[in-house]
Amino acid sequence: MPNSRPRWTRSSGTTRAERSIAGNTAGPGEILRAMTQPIRVRMAPSPTGDLHVGNARTALCNYLMARRLGGAFILRVEDTDAQRSDASHEEGIYEGLRWLGLDWDEGPNVGGPFGPYRQSERQDIHGEAVQQLLATERAYYDYTTAEERAAEREQQRAEGQPQRYSGMGRNFTAAEIAERKAAGVVPAVRFRADPKPVRFDDIVLGTIRAGPDEVDDFVIARGDGSALYNMAVVVDDEHMRISHVVRGKDHVSNTFRQVLLYEALGWTPPAFAHLPLVVNRRRQKFSSRDGAQWVGEYRTQGYLPEALVNFLIFLGWAPGDEREIFSLEELVREFRLERVNRADAVFDPQRLDHFNGVWIRRLDLDDLAKRAWTYASAGGLELRPDQRGYFRSALELEYERLSHLNRTAELMDFFFDDDLVPDMRQVRYRRHSAAETARALELVAGLVDATEPFDDPTLEARMRALASDLGWKAGDLFMPTRIAVTGRKATPPLFATMEVLGRQRCRERLQRALAGLAKLATA
RNA sequence: GGGGCAUUCGUCUAGCGGCCUAGGACACCGCCCUCUCAAGGCGGAGAUCGCGGGUUCGAAUCCCGCAUGCCCUACCA
C-alpha cells in the first residue's frame, strides 16, 4: 500500500481565514499531488430509496472535485443492510445522477478495475481484513449476549454514565467461551479500541479531535461474519484507492472509528471533507415532510437539473464574489472544497424556484421546446407531431411566464384547444355594457378577417385605430378581445398571441364569444 | 448522559483586524415599463454579526466562558 495519499493539507487552525488562505494557495499543491497520486473520490449511497437531495449534493461535490482535478468519480452501492436495501432503488439513484448530469467512471453498472462495486459482493474482501485484525489481536470475538449489553446500557443510563460498551467480552476464559458457545451464543467481532485520543484533519471542518475514551469496542462484523458499515467502508475505500472521502457531516463521529481502523490495519487514511447538512426550516435533517425529498420528484415537478444543481451547490458554498448563476461546467472550474461552510443550510424552496426561472429563461428556445414538449404531453395536452413548429412559436411567447416545466400544459392549453368556448363573464362590464362590448367585438371580428398581413404589428395598429374610432381606451377593447380569443385574462401580449393562433382560430373563437355575449345580454 | 460540530437580515450567503453607519441574492413592499400576466429596471424595509467577558488604538473577524441548535452515541448505513 502506498503510504502517502494525495490530499489537500490544511493548517491546524480552524478559522475561516486560515482555511481560505490554504484554499487559495492550494492550487499548485493540489495539482502536484494530482500528478503523483491519482485523485479518486466516491459516492456511496445505500439503496434504501431514490437519490435524496442531500446525497445529490454530496455526489455533486465529489463529481466537481473529480472533474476539476482530472480524477475518477466512483459509485459504490452500500447495500450491506439486507433489511433496508432494495436493488430496485439502485436504478433510481442512477437515474437521478444521470438526470443531474453527473456521470461516474466506475460503479456497479459500468464496472471498473476495483470492483465489485456493490458492497454486498465484497464480503470476502471485508472478511480478510477482519481476519487480519483478529490475527493481530486488534479485534476479538465477543461472546456477550444482547441481554447483557442491554443491561449494561440500561445501568449506565440509570447512573447518568456515558453509554459505552465496557469491553466486558474481552476477557472471557476458554471455559466461559465454551460454555457460551454451547448455549448457542454466536459471537460478533469487536474492534479492540484502546484508550487514546483520535484526531484527523478535515478539509472543511479543520482539525477534529476526540478524547481517549470516546471510541468504545465497536462491532466490525456480525455473528454471521458480514462486516458492518465502518469496517466495510474502510476496507472498500482502501481497496478502491479512494484519495478523498467527501461526505455529509453526519459521518464525523464514524470517522473517529474509521481512522482507528486504518491505523490498526496499517493503512494511511484518505483525506476527509465533511459537508454541512441540508436541513429543514426547523434545522433538522431534511426529510419528506419538508418538501420533495427525492431528486426524481423535482424532475416531475418541472425543475431543470441545471437549476437544482445551481441551488444545491449554494447550500454551503459561494464563490466569494457576487455571481450566483453557475452551470455544471462553470462549477467544475470554480468549486473549491476549501470554501465550503461548516454551518448546516436550510433548504428554501422559494430560492429553488427562483433558480428554476432563471435557468428556464437561459435555455435556448429549441432546447426548452424539446423539454417542455414532454411535460406538456404528460400534462394532458394533445400534441400532434406536426405541431412542433406551432408549439415552439407558442412557447416562445410563454417563455418568461413558465416557472416550472410541468406547468407547460396549463399555461399553453388555450393554444391547442380547438373547441375553446370563451367565458365572456370574465369581462368587467363597468365602462362598457355587454351589448356595447358585443358590438365592438363584431368590429374586431371584421378586422380579424380583413387585416393583412395577420401579424403582431399590423394587428396592433388596426386595433388601436379601432379603439380610437370607438372612443374607447385601448385596454377596454383589448381585454374583451383577449378573453374572446384565448379564454383567459392573463396571456402573453395579445397581438403576438393572435398572430401565433392564426386568423382561423381567432375568427372561430370570436364567433363563439359573440354567441355567448348574446346570451349574456338577454339574460 | 457523553462526544463532535456549528451560530452574520425570515432564508442562501459575502466578510480573512481598520475598506462594515455589514455587501449580494431569494422572499416581501413600493415605483417605473405596460393591452393583461409575466419578465425587466429602480428603490424600500430587513442583521446592535447568539449572549457575556477578554486581547487590541481598533473585533462580525483573534481568545475564553455561556446559551442554543444539529449530528453521532446499533450485530443501520
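Just above, that's the structure.
Residues numbered from 1 in each chain as written. Chains lettered and ligands numbered in written order. Predicted model: local features only at pLDDT ≥ 70, side-chain atom pairs only at ≥ 80, totals over all residues. Heavy atoms only, no water.

> Tell me about the pattern of salt bridges, and please be specific about residues and values.
For the coordinates displayed, the defined rule picks out 39 salt bridges. Note that R323 is salt-bridged to D321, the shortest N-O span being 2.9 Å. Classification of R323 by relative accessible area gives partly exposed; the value is 38%. Take D321: its relative accessible area is 39%, and that puts it in the partly exposed class. Salt bridges linked by common partners bring R42, R76, E78, R122, D236 and D237 together as one network. (Salt bridge = Lys/Arg side-chain N within 4 Å of Asp/Glu carboxyl O. Buried < 20%, exposed > 50% of the residue type's maximum accessible area, 1.4 Å probe, protein only.)

> Lay out the side chain of H244 with the relevant residues and their values.
Mapped onto the elements, H244 comes out in strand β8 (residues 244-248). Classification of H244 as buried rests on a relative accessible area of 1%. Within polar-contact distance, the side chain of H244 engages the side chain of S243 at 2.8 Å. (Helix = DSSP H or I, 4+ residues; strand = E, 2+ residues; numbered from the N terminus. Polar contact = N/O pair within 3.5 Å; in protein donor to acceptor, adjacent residues only side chain to side chain.)

> Which residues make up the pairing of strand β4 (residues 188-191), and what are the values?
Of the two faces of β4, both are covered, the one formed by A188 and R190 as well as the one formed by V189 and F191. Relative to β4, strand β3 (residues 139-142) runs antiparallel, the two being bridged by four bridges. From the neighbouring strand, A139 faces β4, where its bridge partner is F191. Across two bridges, the pairing between β4 and strand β7 (residues 219-221) is antiparallel. Bridging across to β7, R190 finds its partner in V219. (Pairing = 2+ DSSP bridges.)

> An account of the sheet that holds β7 is needed here, citing residue identities and associated values.
The strand order across the open sheet built from three strands is β3-β4-β7, with neighbouring strands paired in antiparallel fashion. Looking at the sheet topology across the chains shown, the edges are occupied by β3 and β7. Between one strand axis and the next, the sheet turns by 45° as a mean value, whatever way the strands run. Most of the contacts of helix α4 (residues 123-135) go to β3, to which it runs at about 95°, and overall it touches β3, β4 and β7. (Axes fitted to C-alpha atoms, helices over the stretch in contact; angles between N-to-C directions. Contact = heavy atoms within 4.5 Å.)

> Give me the lowdown on the pairing of strand β6 (residues 206-210), citing residues and values where you can.
Look at any regular strand and the pattern is simple: side chains alternate between the two faces of the sheet. Counting buried positions along β6 yields four of five residues, so the element is predominantly enclosed. As paired strands, strand β5 (residues 198-202) and β6 are joined by five bridges and run antiparallel to one another. In the sheet register, D201 faces β6, and the bridge partner there is T207. The antiparallel hairpin formed by β5 and β6 contains three residues in its connecting segment.

> Please set out the side chain of E106 residue by residue, giving values where relevant.
Positionally, E106 belongs in the loop between α3 (87-100) and α4. Of the residues examined, E106 reaches a relative accessible area of 6% and is grouped as buried.

> Now, about helix α8 (residues 252-265): what can you tell me, with residues and values included?
Its 14 residues place the ends of α8 20 Å apart at the C-alpha level, agreeing with the 20 Å of an ideal helix rising 1.5 Å per residue. In terms of burial, α8 is a largely internal element, 11 of the 14 residues being buried. Listing the buried residues of α8 in full gives V252, N254, T255, F256, Q258, V259, L260, L261, Y262, A264 and L265. Trailing α8 by a residue or two, G266 shows a phi angle of about 80°, which is positive. (Expected span 1.5 Å × (residues − 1).)

> Tell me what's going on with the protein's contact with RNA strand B, and back it up with residues and numbers.
Taken together, 70 residues surround RNA strand B, and among them S46, D81, G316, E324 and E400 come closest. Here RNA strand B approaches the protein such that, of its atoms within 4 Å, sugar and phosphate make up 72%. Q163 places a polar main-chain atom, nitrogen or oxygen, 3.1 Å from a base nitrogen of RNA strand B. Note that a base nitrogen of RNA strand B is positioned 3.2 Å from one of the backbone N or O atoms of L494. Elements represented by at least two residues in the surface near RNA strand B include exactly α1 (16-36), β4, β6, α8, β11 (345-346), α12 (349-362) and α18 (474-486). Its residues assigned to classes, the surface near RNA strand B comprises 23 nonpolar, 19 polar and 28 charged. (Near = heavy atom within 4 Å. Nonpolar A, V, L, I, M, F, W, Y, C, P; charged D, E, K, R; others polar.)

> I'd like to hear about the packing of helix α17 (residues 456-470) against helix α19 (residues 494-501), residue by residue, with values.
Two measures define how a pair of helices packs: the angle their axes make with one another and the distance between the axes. Relative to each other, α17 and α19 sit at 125°, their axes nearing to 8 Å. Overall, the two elements α17 and α19 adopt an arrangement that is oblique. Considering the relative orientation of α17 and α19, their crossing is right-handed. Across from D456, L459, E460 and M463 in α17, the residues of α19 making contact are F495, A496, M498 and E499. For the contact of α17 with α19, the per-class residue count stands at five nonpolar, no polar and three charged. (Parallel < 35°, antiparallel > 145°, perpendicular 65-115°, else oblique. Left-handed = near helix turned anticlockwise from the far one by under 90°.)

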